[in-house]
Amino acid sequence: MANKTISDLLADFELRHAQKSYANERRRVRSKIIQGIEEEKRALLLKKLECAFLQGEARACDKELAALEQREQEALRAEGIAEEYDCPACRDTGVIGGKYCNCFLYEVYRLVYGAVDLKTLTESFDTFDRSVFDDKLPQKSGKTQRQMMELYRKICEDYIGVFPKTVKQNILLRGKAGLGKTYLLNCMAKEAHKKGIDVCLMRSAALFDVFFKHRMGEEVPLEFLRNVQLLLIDDLGTEPVTQNVSTEYLFDLLNRRLEAGLHTVVATNIDDLQKRYDERISSRLEAKQACATLFFDGEDLRLK
Ligand SMILES: [Zn+2]
């Protein structure tokens, strides 16, 4: 459910970090060996302080301290005491070097914007089943549905494989519903997440809901959507038409991302994007220089 604010999430992370640190500390306290080393360290730090004040040589203490630290790490490993954090990179603080960690951004997308929880996706390039696509009837392109899907699968897989050095900045997947666009989008999102790419997969209805809330003055910042490394938008055009007021938001988002060189992948079954939105949006989505367009044709898989 997208009902959290950034401040809620920051408070969540602070609490999580405190709880985990406390649990880690308790594990250390229970170990006699570790406590022995800790005592030695305290004594050494005192000695170092004395040396510093008495103009003595503190460097010898530093060497000893480093050796103790190493002994402590070895003892921790030997005792099976590992620091346990959900995200070892940021130790569940949500921040690394003054920047938000990907684990924090992931929760922003999911809990503030209502993006898809990528951990629940079951689709993957590995389990792609080519046999569900027809291989007899050539489509308008001259290729069968299976041949087209194999090609598109490869394009999408390569896009994530070489990310962010992709051949084209963006991809547009077009065609009727039920031809596998969402499937490929899910595969891309899942694979990107697995690779540690900062990625956000939004169904169009949820995206326009964010725009709507922002317009109504709710506490929904847009900069995370603007700055995410890879934004995937599924089902563009299925959002309620009554939210047309948000078209300006869509243009602004696409335009900023295009200009910033950030990657956006959109799937839509709208034939005439210019008619559905306007020329500015269609030209951003279809920009030939920056975008690879994949046309989907064939039989609706859901009817099979
Ligand atoms: Zn993290």
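J.: Describe the overall build of the protein, naming the residues involved and giving the relevant values.
T.: Along its length, the protein carries 11 helices and 7 strands. What you see for the protein is a C-alpha radius of gyration of 26 Å, clearly larger than the 19 Å of a compact globule of 304 residues, by over 25%. By principal-axis analysis of the C-alpha atoms, the protein measures approximately 85 × 45 × 35 Å. Across the 304 residues that make up the protein, the buried fraction comes to 29%. For the protein, long-range pairs separated by at least 24 residues make up 77% of all intrachain contacts whose partners lie at least 6 apart in sequence.

J.: Residues and numbers for the packing of helix α2 (residues 32-53) against helix α3 (residues 59-78), please.
T.: At their nearest, the axes of α2 and α3 sit 10 Å apart, and the two run at 165 degrees to each other. What the angle tells us is that α2 and α3 run roughly antiparallel. Helix-helix and strand crossings are classified by hand; for α2 and α3 the assignment is left-handed. Each of Ile33, Ile34, Ile37, Glu40, Lys41, Leu44, Lys47, Lys48 and Cys51 in α2 lies in contact with α3, whose residues at this interface are Cys61, Glu64, Leu65, Leu68, Arg71, Glu72, Ala75 and Leu76. When its residues are assigned to classes, the contact of α2 with α3 shows 10 nonpolar, no polar and 7 charged.

J.: Talk me through helix α11 (residues 279-286); I want residue IDs and the actual numbers.
T.: Those residues of α11 not exposed but buried are Ile281, Arg284 and Leu285. The buried residues of α11 occupy an angular sector of 95 degrees when the element is viewed end-on, so they sit on one face. Tucked into the core, α11 has its buried residues touching β3 (170-175), α9 (247-260), β6 (263-268) and α10 (273-276).

J.: Could you give me a rundown of the environment of Glu39, with the residues and numbers involved?
T.: Mapped onto the elements, Glu39 comes out in helix α2. Between the C-alpha atoms of Glu39 and Leu105, which are 66 residues apart in sequence, the distance is 39 Å.

J.: Which residues make up the pairing of β6, and what are the values?
T.: Along any regular strand the residues' side chains alternate between the sheet's two faces. Most of β6 sits out of view: 6 of its 6 residues are buried. Of the two faces of β6, the one holding His263, Val265 and Ala267 and the one holding Thr264, Val266 and Thr268 are both buried throughout. Looking at chain direction, β3 and β6 are connected through 4 bridges and run parallel. When the sheet's bridge partners are listed, Arg174 is paired in β6 with Thr268. Of the strand pairs in this sheet, strand β5 (residues 230-236) and β6 are connected by 5 bridges, and their pairing is parallel. Looking at the pairing, Leu236 lines up with Thr268 of β6.

J.: Give a detailed account of the domain arrangement of the protein, specifying residues and quantitative values.
T.: Considered domain by domain, the protein is made up of domain 1 (6-95) and domain 2 (113-303). Measuring from the centre of the C-alpha atoms in domain 1 to the corresponding centre in domain 2 gives 45 Å.

J.: Give me the lowdown on the sheet that holds strand β4 (residues 199-203), citing residues and values where you can.
T.: Strand order in the open sheet formed by 5 strands is β4-β5-β6-β3-β7, with parallel pairing between adjacent strands. At either end of the open sheet lies a strand with only one pairing partner, and these are β4 and β7 (291-296). The average angle at which neighbouring strand axes cross in this sheet is 10 degrees, direction not considered. Here helix α6 (residues 181-194) sits on the sheet and contacts β3, β4, β5, β6 and β7; the angle it forms with β5, its principal contact strand, is near 160 degrees.

J.: Residues and numbers for the packing of helix α1 (residues 6-29) against helix α4 (residues 102-112), please.
T.: Where α1 contacts α4, the two axes come as close as 10 Å, and the packing angle between them is 135 degrees. Viewed along their axes, α1 and α4 adopt a mutual orientation that is oblique. Of the two possible hands of crossing, α1 and α4 adopt the one that is right-handed. Between α1 and α4, the contacting residues are Ile6, Leu9 and Phe13 on the first element and Phe104, Glu107, Val108, Leu111 and Val112 on the second.

J.: A description of α9 should follow, citing residues and the corresponding values.
T.: Counted at 1.5 Å a residue, the expected span for α9 with its 14 residues is 20 Å, and the 20 Å between its end C-alpha atoms agrees. Here α9 has its buried residues at Leu250, Leu253, Leu254, Arg257 and Leu258. Each buried residue of α9 sits inside an arc of 125 degrees when the element is viewed along its axis, so together they form one side. Across from the buried face of α9, at angles greater than 90 degrees, the exposed residues are Glu259 and Ala260. Residues of α9 that are buried make contact with α8 (223-227), β5, β6 and α11. A positive backbone phi angle near 75 degrees is found at Gly261, which sits one or two residues after α9.

The rules behind these values
Residues numbered from 1 in each chain as written. Predicted model: local features only at pLDDT ≥ 70, side-chain atom pairs only at ≥ 80, totals over all residues. Helix = DSSP H or I, 4+ residues; strand = E, 2+ residues; numbered from the N terminus. Rg over C-alpha atoms; globule rule 2.2 N^0.38 Å. Buried ≥ 20, exposed ≤ 12 C-beta atoms within 10 Å, placed from the backbone. Contact = placed C-beta atoms within 7 Å. Axes fitted to C-alpha atoms, helices over the stretch in contact; angles between N-to-C directions. Parallel < 35°, antiparallel > 145°, perpendicular 65-115°, else oblique. Left-handed = near helix turned anticlockwise from the far one by under 90°. Nonpolar A, V, L, I, M, F, W, Y, C, P; charged D, E, K, R; others polar. Arc of directions from axis to C-beta. Pairing = 2+ DSSP bridges. Domains from an automatic or database assignment. Expected span 1.5 Å × (residues − 1).

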